[in-house]
Amino acid sequence: LFGIMIMIAFSGAFIGIRSILPIINYFGWSRAMYLSAGLCFFLALAMATVIRDTRDGTKYKMENEQTFFELLKEISVVMTSPQSWLLALFAGLMFIPTTVIAAYGPQVFVSKFQMSQSSTAELTSWLFMGWIVGSPLSGYLSDWLGKRKTVMFGSALFTFLLTSFLVFSTSLTDLNIITLTFLIG
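Asker: Can you explain the side chain of threonine 98? Please cite residues and give values.
Answerer: Checked against the element boundaries, threonine 98 lands in helix 4 (residues 82-113). Overall, threonine 98 belongs to the buried group, its relative accessible area being 2%. A distance of 2.8 Å separates a polar atom in the side chain of threonine 98 from a polar atom in the side chain of tryptophan 131. The contact partners of threonine 98, leaving out residues within four places of it in the chain, are Phe10, Leu127, Phe128 and Trp131.

Asker: Break down the packing of helix 4 against helix 6 (residues 148-168) for me, with residues and values.
Answerer: It is at 12 Å that the axes of helix 4 and helix 6 come closest, and there the two elements cross at 20°. Judged by the inter-axis angle, helix 4 sits roughly parallel to helix 6. Crossing geometry of helix 4 relative to helix 6 is assigned as left-handed. Contact with helix 4, carried on its side by Leu87, Phe90, Met94, Pro97, Ile101, Phe109 and Lys112, involves Met152, Phe153, Ser155, Ala156, Thr159, Thr163, Leu166, Val167 and Phe168 of helix 6 and no other residues of that element. By residue class, the composition of the contact of helix 4 with helix 6 is 12 nonpolar, 3 polar and 1 charged.

Asker: Pulling in residues and values, what's your account of the nonpolar core?
Answerer: Judged by nonpolar contacts, Ile101, Phe109, Phe113, Met115, Leu123, Leu127, Leu162, Leu166, Leu172, Ile177, Leu180 and Ile184 together constitute the single largest core of 12 residues. Looking at this core, the elements that each hand over two or more residues are helix 4, helix 5 (117-145), helix 6 and helix 7 (174-184). Contact partners of phenylalanine 109, with chain neighbours within four places excluded, come to Gln114, Met115, Thr120, Thr124, Leu166, Ile177 and Thr181.

Asker: Lay out unusual backbone geometry with the relevant residues and their values.
Answerer: Phi is positive for glutamine 114, which is not a glycine, with a value near 50°. Tracing the chain through its elements places glutamine 114 in the loop between helix 4 and helix 5. Assessed through its relative accessible area of 62%, glutamine 114 is described here as exposed.

Asker: Let's hear about the packing of aromatic side chains: which residues, and what values?
Answerer: In this structure the tally under the stated criterion is 7 aromatic pairs. With centroids separated by 4.8 Å and ring planes inclined at 85°, the aromatic side chains of tyrosine 26 and phenylalanine 27 adopt a geometry described as edge-to-face. Taken together, a centroid distance of 5.6 Å and an interplanar angle of 65° make the contact between phenylalanine 95 and tryptophan 131 edge-to-face. Note that phenylalanine 95 is positioned in helix 4 and tryptophan 131 in helix 5, a separation of 36 residues in sequence. Given a relative accessible area of 16%, tryptophan 131 falls into the buried group.

Rules used throughout
- Residues numbered from 1 in each chain as written.
- Predicted model: local features only at pLDDT ≥ 70, side-chain atom pairs only at ≥ 80, totals over all residues.
- Heavy atoms only, no water.
- Helix = DSSP H or I, 4+ residues; strand = E, 2+ residues; numbered from the N terminus.
- Buried < 20%, exposed > 50% of the residue type's maximum accessible area, 1.4 Å probe, protein only.
- Polar contact = N/O pair within 3.5 Å; in protein donor to acceptor, adjacent residues only side chain to side chain.
- Contact = heavy atoms within 4.5 Å.
- Axes fitted to C-alpha atoms, helices over the stretch in contact; angles between N-to-C directions.
- Parallel < 35°, antiparallel > 145°, perpendicular 65-115°, else oblique.
- Left-handed = near helix turned anticlockwise from the far one by under 90°.
- Nonpolar A, V, L, I, M, F, W, Y, C, P; charged D, E, K, R; others polar.
- Core = buried A, V, L, I, M, F, W, Y, C linked by side-chain atoms within 4.5 Å.
- Phe/Tyr/Trp six-rings, centres within 6.5 Å; stacked < 30°, edge-to-face > 60°.

Put into structure tokens, the structure is as follows:
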């Protein structure tokens, strides 16, 4: 389920990065951000108006409702587990290439490979498509193998090698960049 949640989240990133560039080109980045914020505000208002907790408007009740202190106890178990901290550190480190490529990739592609801004947004968006496909696939693979650590460290090595190839290559075609960013994702 976690892989599917990641897939849904990155679908928004994939669509967003591809759709915002024409708006930025037409209105400029500052006005595009104001338009984006306004759209999100009205979307939040619409959701608050339309979405209800239950069909008849009554308060939703959970079967085994927890007290606040029971919830704190469960949170403390997670927060005091060294494995939780190592997993969080690993996840944060694995997300660094995504952040760097999404934030700086377009500028690098323009200066290093003489590409247009619009084509770099297209190429960078494939990073998010890689997350969309890779998240459920790696979850399935680790479940099938029964070895999460093997999949995690294999993914880390694969990401390191592909990111290094992307960084140190001197000439790449659009298809090469699409393939690399997709596989890094």
